[in-house]
Amino acid sequence: MTLAALVASFAWVAGWIRLPGASPALSAARLIDAFEGASGRHPGFRRNHAKGICVSGYFDSNGNGLALSRASVFERGRTPVVGRFSAPGGNPSEDDAFTTVRSFALRFTTSDGEQWRTGMNSAPVFAVRTPEAVYEQQEAMQRDHRTGRADPARLDAFFARHPETGALRNWLANHPPSSAFYDASYYSINAFRFTNARGDTRFVRWSVVPETPYAPSAARADVAHDPDFLAHGLRTRLQKHPARWQLMLTPADPGDPVDDATRAWPPERELHRVDAGTLVITRAQAQIDGACRDINFDPVVLPTGISPSDDPLLAARSAAYAESFARRTQEQARANVR
Ligand code: HEM
């Protein structure tokens, strides 16, 4: 991570920077308050993606990624990973049948001490382009104190004000949720700047593509009666075999949007994607005491050779995850001294 990006994200966390166009100043604390308003407060849990399961394994790099980035994780060899599968939303007891998106966070730690942290979703685009719109969306999802539910009319009005949300909604309408955590593809969505050893720079979005063929969740018999079928399915699968994905790096062409997470790149870009190696997940652990619990999968913690793009979501994600991390770890600490 560059020093400038680090300083900018810390400044944003502290609420020192007024976001362009946001009035009054949108701070990480206000954003996280809005997430709490939409999902209720669940002390000790992540304020978004609250329900999840820790995993670990390794990445076997084949060396091809070095064409795009000089990051040591792309040198041929093995790097350990700690990760977490989850679903968006702040309710840690949500029934898996109600979740349409799956998520996968990873932390790669190379032997030279560098880290690459990423949080990916199973849809290739995000609902909105800016942190202000994320805030507005959470406001539209605030629960009514009497009914305990959001008002669908407020959400419809939000969608009408934000036609860019149509890309994600269309994608979801045409791609039923996967039957498992291990048969989904996951996407970085945000673009990042990759620099190789020659100093060549390209913008890249990455994805992980599963070895297990995708099947829709409707194909599973246990979905209807097991609200935790995703975690249970993963544990059962890992008792038999590890789960594998290929890590794909897709470079942008000049003119492709690299600061707008609502816009996909043309499908032809996938013809030039680089297969950087195999991600293997071998073990799952409950999040209450697993290795992922105290990790903040901050997407701007990046190794030398990868840096953030100008996508406005990235600095906001970094700041909001830090605020969520601070709240949940303080609550855990208080619970432990009681
Ligand atoms: C401004 C936009 C966003 C905000 C405010 C936001 C907010 C959050 C928060 C508060 C958390 C919990 C962090 C923690 O306590 O550790 C979280 C987790 C997560 N977010 Fe976001 N998010 C945003 C955009 C995105 C995007 C674009 C993606 C997909 C590329 C994404 C994927 C994830 C994933 C996978 C996790 C779970 C990480 C884990 O397992 O710890 N988020 N998000």
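So, how was this worked out
- Residues numbered from 1 in each chain as written.
- Predicted model: local features only at pLDDT ≥ 70, side-chain atom pairs only at ≥ 80, totals over all residues.
- Helix = DSSP H or I, 4+ residues; strand = E, 2+ residues; numbered from the N terminus.
- Rg over C-alpha atoms; globule rule 2.2 N^0.38 Å.
- Buried ≥ 20, exposed ≤ 12 C-beta atoms within 10 Å, placed from the backbone.
- UniProt positions renumbered as here; feature names shortened; annotations may be inferred.
- Contact = placed C-beta atoms within 7 Å.
- Near = placed C-beta within 6 Å.
- Nonpolar A, V, L, I, M, F, W, Y, C, P; charged D, E, K, R; others polar.
- Pairing = 2+ DSSP bridges.

Asker: I tried to follow the overall build of the chain on my own but got confused; where do I start?
Answerer: Helix and strand counts for the chain stand at 7 helices and 10 strands. Taking 338 residues into account, the globule formula puts the C-alpha radius of gyration at 20 Å, and the chain, at 19 Å, falls close to it. Principal-axis analysis of the C-alpha atoms gives the chain an extent of 60 × 50 × 45 Å. The 338 residues of the chain split such that 43% are buried.

Asker: Sorry, what's going on with the UniProt feature "active site" (unreviewed entry) in the chain here?
Answerer: Sequence positions flagged by UniProt for "active site" (unreviewed entry) are, in local numbering, His49. Histidine 49 sits in the buried class, given 23 other C-beta atoms within 10 Å. Aside from chain neighbours lying at most four places away, what touches histidine 49 is Ser86, Ala87, Pro88 and Ser103.

Asker: Even after reading the chapter, I still don't get the site of the ligand, so can you show me in this structure?
Answerer: Residues in close proximity to the ligand total 31 residues, the closest being Asn48, His49, Ser103, Gly119 and Ser324. Those elements giving two or more residues to the shell around the ligand turn out to be α2 (28-39), β2 (77-86), β3 (103-109), β4 (115-121), α3 (131-140) and α7 (312-337). With 8 residues, α7 is the single largest residue contributor to the shell around the ligand. Residue composition of the shell around the ligand, grouped by class: 15 nonpolar, 11 polar and 5 charged.

Asker: Help me understand the pairing of strand β1 (residues 52-61), please; the structure alone is not making it clear to me.
Answerer: Most of β1 is tucked away, with 7 of its 10 residues classed as buried. As paired elements, β1 and β2 share 10 bridges and run antiparallel to each other. Of the residues in β2, the one forming a bridge with serine 61 is glycine 77. Here 9 bridges tie β1 to strand β9 (residues 274-286), and the two strands are oriented antiparallel to one another. Along β9, the bridge assignment pairs serine 61 with glycine 277.

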